[in-house]
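Chains, contacts and geometry: an overview
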Amino acid sequence: MLTDNHGRHINYLRLAVTDRCNLRCFYCMPEKGNVWLERKDLLSFEEMLRLCRLAVTMGIEKIRITGGEPFVRKGIMAFLTDLSNTKGLNELTITTNGVLTAPLVPELKKIGIKSVNLSLDTLDRDRFLAITHRDELANVLATMEALLRHGLEVKLNAVVMEGQNIQDILPLVQLTKNNKVTVRFIEEMPFNGGETHYPTLNWDHKKIYDTIHGAYPGIEKLSDPEYSTSYNYHIPGHTGNVGIIAAFTRSFCGTCNRLRITPQGILKTCLYQGGGTDIRQIIRQKPDNDTLRQALLTAISHRAKDGYEAERNRLAGGIHESMATIGG
Ligand code: SAM
Ligand code: SF4
């Protein structure tokens, strides 16, 4: 079992396999001028497989593949197949924007993927275009439909943004009426790769809840699973559920069970951490497993208490990171 310096159990790894993306969600990266990592700077599939398998022997039970958009990386399906065959790995999941995913759903199911997080901030084509700078809503909806048809668990992630998709909160909640989906509203975080950030968060988890509660006064609190980052709810008569993720307010740090590896191989022990342990540099020296294991253990034993401490420790001061290089 992996335990950090604050006694928290760590069993979940989020692996971002690319920084590239076929959307340009404004809250994640700029529309133009993105400088992508060169291929040589990305962890190779072999390196990622070695790291994941070692992490599983150390106590990681669940791995989520994220990015950037995982499905824009060539060779991803073969990698997922290899990774899914890792002994001791209980759960392999993916976070995707759904643009390329619909035709791959049968294969994902065959590989053994049971649950997919799909990002969807609006059901309106024009607002989708305004948020993501790409006219791809139809493909994302096709992915949702394919996931449901093939019986995969679907969690929809919607970032709540002042002036952008507030009018979508209730239509997204309404999706849970007849569909077996959990719609999760996420507080916007300051990781858009640029310098424009709201000084305060207008739409925090309380305001999101009040909005939903106003329309559905009968909404009931569900008990939250261990390590859950979302407050979970059910509306009587609905098939699916609703979640709210206080990602900016950071109310979940006390039970945080996750590690992150960025596309260039930086191990982050907190979403808000600036920098991290350069695992790529270590793994390219062809270390034995003990050395690699020690590098992971050292990082875990220097973990910030919470996202506020991690943020204070950021060296550069300003936050100009893109979520696509962190993985969400
Ligand atoms: N491209 C995939 C996708 O969009 O689902 C995976 C990577 S994306 C970085 C992972 C998650 O992070 C998405 O659900 C996205 O909505 C969320 N995200 C990105 N930037 C964010 C921000 N500034 N605040 C809150 N969530 C953010
Ligand atoms: Fe791409 Fe996902 Fe970032 Fe949107 S949130 S730009 S889909 S990586």
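For the structure given in this document, a descriptive report is provided here. (Residues numbered from 1 in each chain as written. Chains lettered and ligands numbered in written order. Predicted model: local features only at pLDDT ≥ 70, side-chain atom pairs only at ≥ 80, totals over all residues. Heavy atoms only, no water.)

In the region of ligand 1, 20 residues are neighbours, and Tyr27, Gly68, Thr96, Ser119 and Met189 sit closest. Here a nitrogen atom of ligand 1 and a backbone polar atom of tyrosine 27 are 2.8 Å apart. Serine 119 places a side-chain nitrogen or oxygen 2.5 Å from an oxygen atom of ligand 1. Expressed as a share of its isolated accessible area of 540 Å², the protein-covered part of ligand 1 is 95%. Tallied by class, residues from the shell around ligand 1 come to seven nonpolar, ten polar and three charged. (Near = heavy atom within 4 Å. Polar contact = N/O pair within 3.5 Å; in protein donor to acceptor, adjacent residues only side chain to side chain. Areas by Shrake-Rupley, 256 points an atom, 1.4 Å probe, with all protein chains shown as cover. Nonpolar A, V, L, I, M, F, W, Y, C, P; charged D, E, K, R; others polar.)

Using the criterion set out here, one finds four aromatic pairs in the structure. Where phenylalanine 26 meets tyrosine 27, the ring centres are 5.8 Å apart and the plane angle is 70°; that geometry is what we call edge-to-face. Here the aromatic rings of phenylalanine 45 and phenylalanine 79 are separated by 5.0 Å at their centres, their planes lie at 25°, and the arrangement is stacked. You can see phenylalanine 45 sitting in helix α1 (residues 45-58) and its partner phenylalanine 79 sitting in helix α2 (residues 76-84), a full 34 residues away along the chain. With a relative accessible area of 16%, phenylalanine 45 lands in the buried category. We classify phenylalanine 79 as buried; its relative accessible area is 2%. (Phe/Tyr/Trp six-rings, centres within 6.5 Å; stacked < 30°, edge-to-face > 60°. Helix = DSSP H or I, 4+ residues; strand = E, 2+ residues; numbered from the N terminus. Buried < 20%, exposed > 50% of the residue type's maximum accessible area, 1.4 Å probe, protein only.)

We now examine the nonpolar core. Ranked by internal contacts, the top residues of the largest apolar core, which has 96 residues, are Ile63, Ile65, Phe79, Leu80, Phe185 and Ile212. Counting residues per element, this core draws most heavily on α1, at nine residues. Here phenylalanine 185 is in contact with Ala158, Val160, Ile169, Leu172, Val173, Ile208, Ile212, Val242, Gly243, Ile244 and Ile245, once residues within four sequence places are set aside. (Core = buried A, V, L, I, M, F, W, Y, C linked by side-chain atoms within 4.5 Å. Contact = heavy atoms within 4.5 Å.)

Inspection of α2 places Ile76, Met77, Phe79, Leu80 and Leu83 among the buried residues, and these make up the whole buried set. For α2, the arc enclosing every buried residue in end-on projection is 160°, short of the 170-degree limit, so these residues lie on one face. In this structure, the buried residues of α2 make contact with β3 (12-16), α1, β4 (62-66), β5 (91-96) and α3 (105-111). (Arc of directions from axis to C-beta.)

The twelve strands lie next to each other as β9-β10-β11-β8-β7-β6-β5-β4-β3-β12-β13-β14, forming an open sheet whose pairing is mixed. Whereas interior strands pair on both sides, the edge strands pair on one side only; in this sheet they are β9 (220-221) and β14 (277-278). Two elements, strand β10 (residues 230-234) and strand β11 (residues 241-245), share four bridges in a ladder whose sense is antiparallel. Following the sheet pairing, asparagine 232 is matched in β11 by glycine 243. On the sheet, helix α5 (residues 137-149) packs against β6 (115-119), β7 (153-160) and β8 (181-187) and is oriented at approximately 160° with respect to β6. (Pairing = 2+ DSSP bridges. Axes fitted to C-alpha atoms, helices over the stretch in contact; angles between N-to-C directions.)

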